[in-house]
2 protein chains.
Amino acid sequence: MTTTNSTNDVSLDVVADLAAQLRVDSIRSSTSAGSGHPTSSMSAADLLAVLVTRHLRYDWDEPHVPVNDHLIFSKGHASPLLYSVFKAVGVVSEEELMNGYRRFGQRLEGHPTPILPWVDVATGSLGQGLPDGVGVALAGKYLDRLPYRVWVLCGDSELAEGSIWEALDKASYYKLSNLVAILDVNRLGQRGATDLGWDTAAYAERAMAFGARTIEIDGHDLSVIDHAFVEAASHLAGDKPTVIIAKTIKGKGFSEVENSPDWHGKPFPPDMADRAIAELGGVRNLVIRGPRPELVEPGPALEHPTTLAPHSGTPAPSKDWPTYKAGEKVATRKAYGDALVTLGARDPKVVALDGEVSNSTFAEEFTLAFPERYFEMFIAEQQLVAAATGLAARGYTAFASTFAAFFTRAYDFIRMGAISTANLRLVGSHAGVEIGADGPSQMALEDLAMMRAVHGSTVLYPADGTSTVALVAAMAETPGISYMRTTRGSYPGLYAGEEAFPVGGAKVLRSGPDDQVTLIGAGVTLHECLRAADLLVADGITARVIDCYSVKPIDVGTLRAAADDTGGRIVVAEDHHPEGGLGSAVADALLAAGQRDFRLTRLAVSGMPGSGTGAELLAWAGIDAAHIADAARQLTKTR
Amino acid sequence: MTTTNSTNDVSLDVVADLAAQLRVDSIRSSTSAGSGHPTSSMSAADLLAVLVTRHLRYDWDEPHVPVNDHLIFSKGHASPLLYSVFKAVGVVSEEELMNGYRRFGQRLEGHPTPILPWVDVATGSLGQGLPDGVGVALAGKYLDRLPYRVWVLCGDSELAEGSIWEALDKASYYKLSNLVAILDVNRLGQRGATDLGWDTAAYAERAMAFGARTIEIDGHDLSVIDHAFVEAASHLAGDKPTVIIAKTIKGKGFSEVENSPDWHGKPFPPDMADRAIAELGGVRNLVIRGPRPELVEPGPALEHPTTLAPHSGTPAPSKDWPTYKAGEKVATRKAYGDALVTLGARDPKVVALDGEVSNSTFAEEFTLAFPERYFEMFIAEQQLVAAATGLAARGYTAFASTFAAFFTRAYDFIRMGAISTANLRLVGSHAGVEIGADGPSQMALEDLAMMRAVHGSTVLYPADGTSTVALVAAMAETPGISYMRTTRGSYPGLYAGEEAFPVGGAKVLRSGPDDQVTLIGAGVTLHECLRAADLLVADGITARVIDCYSVKPIDVGTLRAAADDTGGRIVVAEDHHPEGGLGSAVADALLAAGQRDFRLTRLAVSGMPGSGTGAELLAWAGIDAAHIADAARQLTKTR
């Protein structure tokens, strides 16, 4: 075994040898696993060999050193190449590469995930690594203020994803000269030629139009590659991201498959693998590390193009949590903005992003208080979530907000965020038919179902300002994907400032020894439940009212007690489609707890709403106080 | 009232008058509604006045005439302008405009929906109208083969959405010279300046790089606008979409608000509205129609860049439904491809699209049989669903397929498809942990929850080839959004060819008079349930087994009968996260039907999977036969 620990002195001859090793190991690992993408790895092997030996500044023994560069495989299916790199730098063994890749219980998964300490974000859903990299680069330039670079290997197929262009748009807007996208243009997708094939000039034109500096190269000429990386790195102090467009050959190095459309995502059978390895000069076990980063202190704060200047009347941010009087009308979205400012004042790691609706979500308050920690993502919800993911990978507590309906745009990114084990705080405003006149395109009616189904997620839906503030604070401490749904309209405060709102809890707002029925709401429907309880008094019906502010996890103890105490009569009202939301959460919890003797009336938005006032639409949907009271009356008539 | 019915002879003086009317009516309607976007309407009023009087070929009395041009407001929030246009052509009355806009129960909703006969697709979630328009233009050029044009008004804020660039990429790839995007570059978004402001050259550069012909204009110079539209229309026979970049002023025509960032999405108070109307020369009631389309026959078939040439061995498509032997192993994704070919042979309106994975989803079979009716969307799932939406708007029966996991990328488009009342057939392959080695990024584990929560959706999940074929046929007849989940692996056929599989049905595969427990599965877990029933025989436990192939609507009758017959003991196993999928569907149905005395054990994927074999992962997740049998044993131990 040849071991070289170098800073910048690995000769291109050695690099060539290493490139062959990366190809051979990509073939061997995928053949041994019986699946994987050797040809998509081979096209980029030269690029990676040059990068890791001579340019990537990385302390492989200390992957969490803040000054390390970042390497993101946006083309996550080239995992054999990435893992072969890990072998080549000596952090993954031959044994693990050959017996761990794509195997059950092992960490070398089919597509990279941060279960590996050298991986920032999970990839494999195409078009996400570059947007995530924008988040990492934002952190590097404006928050960490360290000279690390973010190198992102992209496939050419994924350049058809709009999210790639959202990423370049933001990268140029934010002058992310620390971001280098390396496009591996091997011409071939899964089932044939890509849209643009080898038209690298077209890619360059697009990248340039989106504000990047571009370098077109032969992706198999080591010297040319080396020069391109030198040039990319030399522009760190500049104001543009770099896009290197590398023309490559899929399956490069094995003449039987080079440039063939028939070998996507297929391991070579053992006999072919043997021929390929022979053609590539046999198995090698070079261990070579490239340069380590210099340990430097953070640089000076840089201005970034924040789009809002503080108003003259903007109050100085306070570390005291905002408080609201019981009965005082406040919109939960407003309380979100208020709480976020306090969070920001208490913790410099808190950052915020929004999708160009910050004056609706009230993220604007944070923008005005902490412009340097706010990143406007404009109308690009995929990039909004991806940037938060990248910032989270750098340890920031990122809150991302937009209309709740528009988080549907980013569902794939949220799903991948969970696989990335990213701590993401998402806040969606203007939920449900309550928003009124704008109509169904702006009404989130699927968000609770969507967010509950995310692995390990937390789903919160406060009904007043006080609980919103407490839950925003809780989100900052909550790992994984947490989601808060806020409401457009202003409703009376229900709680005093000192009340605790643990995640997984619920509040019993009305209760007595003779409760006949339980009314469960969250957000706007909690207020309708309270009004319904008032209406029911006239019928001599006493109702328990529960604020189910934590939709996931849900307070099964409170739900069971209510079922037991109220003869199993439960009405749930939610401003959401009938499937997968609050009603499902209640039903699922009670059934899972073995509760059997209950009758659940679920009121939800089952039709397609139009425009109207919030009150008209709540009534139309059958989720207002009158309908809740009716449902309660029906339940109490039967035994 | 002045009424002009013209073909092409409306003078620009009259157009100017009409433009003023459109502004005035945008102001009046939004002020009267108390909400809406007058300033975003005013910036585009000149563009629309020229378009509808002199260029849009449209028979307003016959909106469904196939030769009509199409007008799509991608910036759906400019609905006051669209509805003012409808008044100006005489199809919406003054009364409706003033008293119907944004009101409950009325059709002039906050954002346009196809409840109006002149609207093709719902808009309001930005960045969707242009992608939808690509679908309409594909239909026009390659299927309808009619010389209609698709005019799409885009806002500049929405140009930050990646979906816009997916759309232009596909528009140029498919040479959609019948598509004209009109960019209303008014510089201002909701909360301030857009990313690029008035840098119309940057937009032009981007659009050109994405393959469009571009025309930069002053969006308030009627003569210049007119010339641009003439030029756009003159290129119908060409091979590029046209993008007109119009520099405009938000609020144009009312000096108090022109170019102000403070007037987004706000109606003017009555006194301001009065001043604005006065400045614009007062209320008008012109009714002017532009040219009608010539009634022509479809032109000759045009080749489009299908990416697969039929193999020499491709069989001629048959109108006979494919059949599979009971016990014969076939993947449901393969049966999907087989069935789609038959559908295509039986109905020339059937078209297919895929996201560059047609050799995995088996849409490839259709591609080879009917290349002229297949549209490759490459790795751009948003555009995949949007194109299907546009094709559906033109009456085509569009099936769109990709990996089930990647439909999460298009959730906002699916949600909007429901608002569009589009008939969309979505088919997602490679669902769940069953896929094995590729790992979690490729595993759909949220898709059933996501699709169930869509308004009016149908969710199907067949377990064998025969049922897949029957359900693909059913999807072609099913209105609204229908979704089929297919499986990667091959499993034994369960049904004979003549079996019926109605949407909303279920199949009882094992049953007897002494059944002690019910096992419910769908797709891969049905096969595990059958194996579990076999295992339980050794314990003397007889299990009923139900194939719940229709997840939404679900067969509540079969479920209730099973609950009644098996002592309320039910095990549901699903290859999906625990929330919102099959288990929730079963629980929701039983509870809604008033079933009370049942105990439901739900087995689902609650952890984060890694790689492995399908069998290893089904076991790890606790959804294989052994775990199902264990759960059944536990249930039968208790009463």
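Residues numbered from 1 in each chain as written. Chains lettered and ligands numbered in written order. Predicted model: local features only at pLDDT ≥ 70, side-chain atom pairs only at ≥ 80, totals over all residues. Heavy atoms only, no water.

## Quick look at the state of the cysteines
Thought 1: If you walk through the whole model with that rule in mind, you get 0 disulfides over all chains.
Thought 2: Here Cys548 of chain A is not disulfide-linked; the sulfur of Cys529 of chain A is the nearest cysteine sulfur, at 10 Å. (Disulfide = S-S within 2.5 Å.)

## Observations concerning unusual backbone geometry
Thought 1: With an omega of -5°, the peptide bond between Lys552 of chain A and Pro553 of chain A qualifies as cis.
Thought 2: On the secondary structure map, Pro553 of chain A appears in the loop between β19 (550–552) and α19 (556–565).
Thought 3: Non-glycine residue Lys175 of chain B carries a positive phi angle of around 55°.
Thought 4: With respect to the helices, strands and loops of the structure, Lys175 of chain B is situated in the loop between α7 (162–173) and β4 (179–185). (Helix = DSSP H or I, 4+ residues; strand = E, 2+ residues; numbered from the N terminus.)

## Here we look at the relation of the copies chain B and chain A
Thought 1: When chain B is fitted to chain A, the residual RMSD is 0.0 Å, and the transformation amounts to a turn of 180° plus an axial shift of 0.0 Å. Given the turn and translation reported, the copies of this chain are related as if by a two-fold rotation axis. Residues of chain B ranked by C-alpha distance from the rotation axis are headed by Gly162 of chain B, positioned 1.8 Å from it.
Thought 2: When the interface residues of chain B are mapped onto chain A, 100% of them are again interface residues, pointing to one common binding face. (Least-squares fit on C-alpha atoms with pLDDT ≥ 70 in both. Contact = heavy atoms within 4.5 Å.)

## Here's the deal with the packing of aromatic side chains
Thought 1: Inspection of every chain in the model, using the stated rule, returns 44 aromatic pairs over all chains.
Thought 2: With a centroid separation of 5.7 Å and an interplanar angle of 75°, the aromatic rings of Tyr174 of chain B and Phe375 of chain B are classed as edge-to-face. Here the residue Tyr174 of chain B occupies a position in the loop between α7 and β4, and Phe375 of chain B occupies one in strand β10 (residues 374–376), the gap between them amounting to 201 residues.
Thought 3: Overall, Tyr174 of chain B belongs to the buried group, its relative accessible area being 0%.
Thought 4: Geometrically, the ring pair formed by Phe403 of chain B and Phe406 of chain B is stacked, given 5.6 Å between the ring centres and 5° between the ring planes. Each member of the pair Phe403 of chain B and Phe406 of chain B is classed as buried.
Thought 5: Three or more aromatic residues joined by ring pairs make a cluster, and in this case those are Tyr58, Trp60, Tyr83, Phe86, Tyr101 and Trp118 of chain A.
Thought 6: Taking NZ or CZ as reference, Lys349 of chain A lies 4.4 Å from the ring centre of Tyr396 of chain A, over its face.
Thought 7: The positively charged end of Arg206 of chain B is found above the aromatic ring belonging to Phe210 of chain A, 4.1 Å away from the centroid. (Phe/Tyr/Trp six-rings, centres within 6.5 Å; stacked < 30°, edge-to-face > 60°. Buried < 20%, exposed > 50% of the residue type's maximum accessible area, 1.4 Å probe, protein only. Lys NZ or Arg CZ within 6 Å of the ring centre and 35° of its normal.)

## As for the interface of chain B and chain A
Thought 1: At the junction of the two partners, chain B supplies 99 residues and chain A supplies 99 residues.
Thought 2: Between chain B and chain A the total buried area reaches about 8,200 Å² when both faces are included, carbon and sulfur atoms providing 50% of it.
Thought 3: It is Arg191, Arg409 and Arg596 of chain B in chain B that bury the most area against chain A; as a group they hold 12% of the surface buried on that side.
Thought 4: Connecting chain B to chain A are 19 salt bridges.
Thought 5: Close ionic contact of Arg191 of chain B with Glu376 of chain A constitutes a salt bridge, the shortest N to O distance being 3.2 Å.
Thought 6: Viewed at the interface, chain A and chain B are joined by 57 residue pairs in polar contact (both at pLDDT 80 or more).
Thought 7: For the side of chain B that touches chain A, the element with the most residues is α7 of chain B, which contributes 8 residues.
Thought 8: In terms of residue class, the side of chain B that touches chain A is made up of 36 nonpolar, 34 polar and 29 charged. (Buried area = accessible area lost by both parts, 1.4 Å probe. Salt bridge = Lys/Arg side-chain N within 4 Å of Asp/Glu carboxyl O. Polar contact = N/O pair within 3.5 Å; in protein donor to acceptor, adjacent residues only side chain to side chain. Nonpolar A, V, L, I, M, F, W, Y, C, P; charged D, E, K, R; others polar.)

## Brief notes about the packing of α19 of chain A against helix α20 (residues 582–592) of chain A
All names here are of chain A.
Thought 1: One can describe the packing of α19 onto α20 by two numbers: an axis separation of 10 Å at closest approach and a directional angle of 80°. The pairing of α19 with α20 is recorded here as roughly perpendicular in orientation. Facing α19, whose interface residues are Val556, Leu559 and Arg560, α20 presents Val586, Ala589 and Leu590.
Thought 2: The residue makeup of the contact of α19 with α20, split by class, is 5 nonpolar, no polar and 1 charged. (Axes fitted to C-alpha atoms, helices over the stretch in contact; angles between N-to-C directions. Parallel < 35°, antiparallel > 145°, perpendicular 65-115°, else oblique.)

## Digging into the environment of Met42 of chain A
All names here are of chain A.
Thought 1: Inspection of the secondary structure assignment puts Met42 in helix α2 (residues 38–42).
Thought 2: Given the relative accessible area of 0%, Met42 is considered buried.
Thought 3: On a C-alpha basis, the gap between Met42 and Lys250 in space is 6.5 Å, while along the polypeptide they are 208 residues apart.
Thought 4: Once residues within four sequence positions are removed from consideration, Met42 is found in contact with Arg23, Ile27, His220, Gly251, Lys252, Gly253, Phe254, Phe268 and Leu280.

## Side note on the sheet that holds strand β3 (residues 150–155) of chain B
The strands that make up a sheet are held in pairs by hydrogen bonds between backbone atoms, and each pair lies either parallel or antiparallel.
Residues and elements named next belong to chain B.
Thought 1: Read from one edge of the open sheet, 5 strands run β2-β3-β4-β6-β5, paired in parallel fashion. Whereas interior strands pair on both sides, the edge strands pair on one side only; in this sheet they are β2 (70–73) and β5 (213–218). If you compare each strand with its neighbour and ignore which way they point, the axes differ by 20° on average.
Thought 2: Relative to β4, β3 runs parallel, the two being bridged by 6 bridges. Residue pairing across strands places Trp151 opposite Val180, the latter belonging to β4. (Pairing = 2+ DSSP bridges.)

## Describing the sheet that holds strand β13 (residues 458–460) of chain A
Residue and element names in this part refer to chain A.
Thought 1: Strand order in the open sheet formed by 7 strands is β10-β9-β11-β12-β14-β13-β19, and the pairing between neighbours is mixed. The sheet is open, and its two borders are formed by β10 (374–376) and β19, each paired with just one other strand. Recorded for the sheet is a direction-independent mean angle of 20° between the axes of neighbouring strands.
Thought 2: The sheet contact formed by strand β9 (residues 350–354) and strand β11 (residues 397–403) spans 5 bridges and is parallel. In the sheet register, Ala352 faces β11, and the bridge partner there is Phe399.

## Structural notes on the confidence of the model for chain A
Residues and elements named next belong to chain A.
Thought 1: On average, residues of chain A score 96 in pLDDT, and 97% of them are at 70 or above.
Thought 2: In the model, residues 1–7 has pLDDT below 50 throughout and makes 17 contacts with residues more than four positions away in sequence or in other chains.
Thought 3: As scored by the predictor, the complex reaches a pTM of 0.98 and an ipTM of 0.97. (pLDDT = per-residue confidence, 0-100.)

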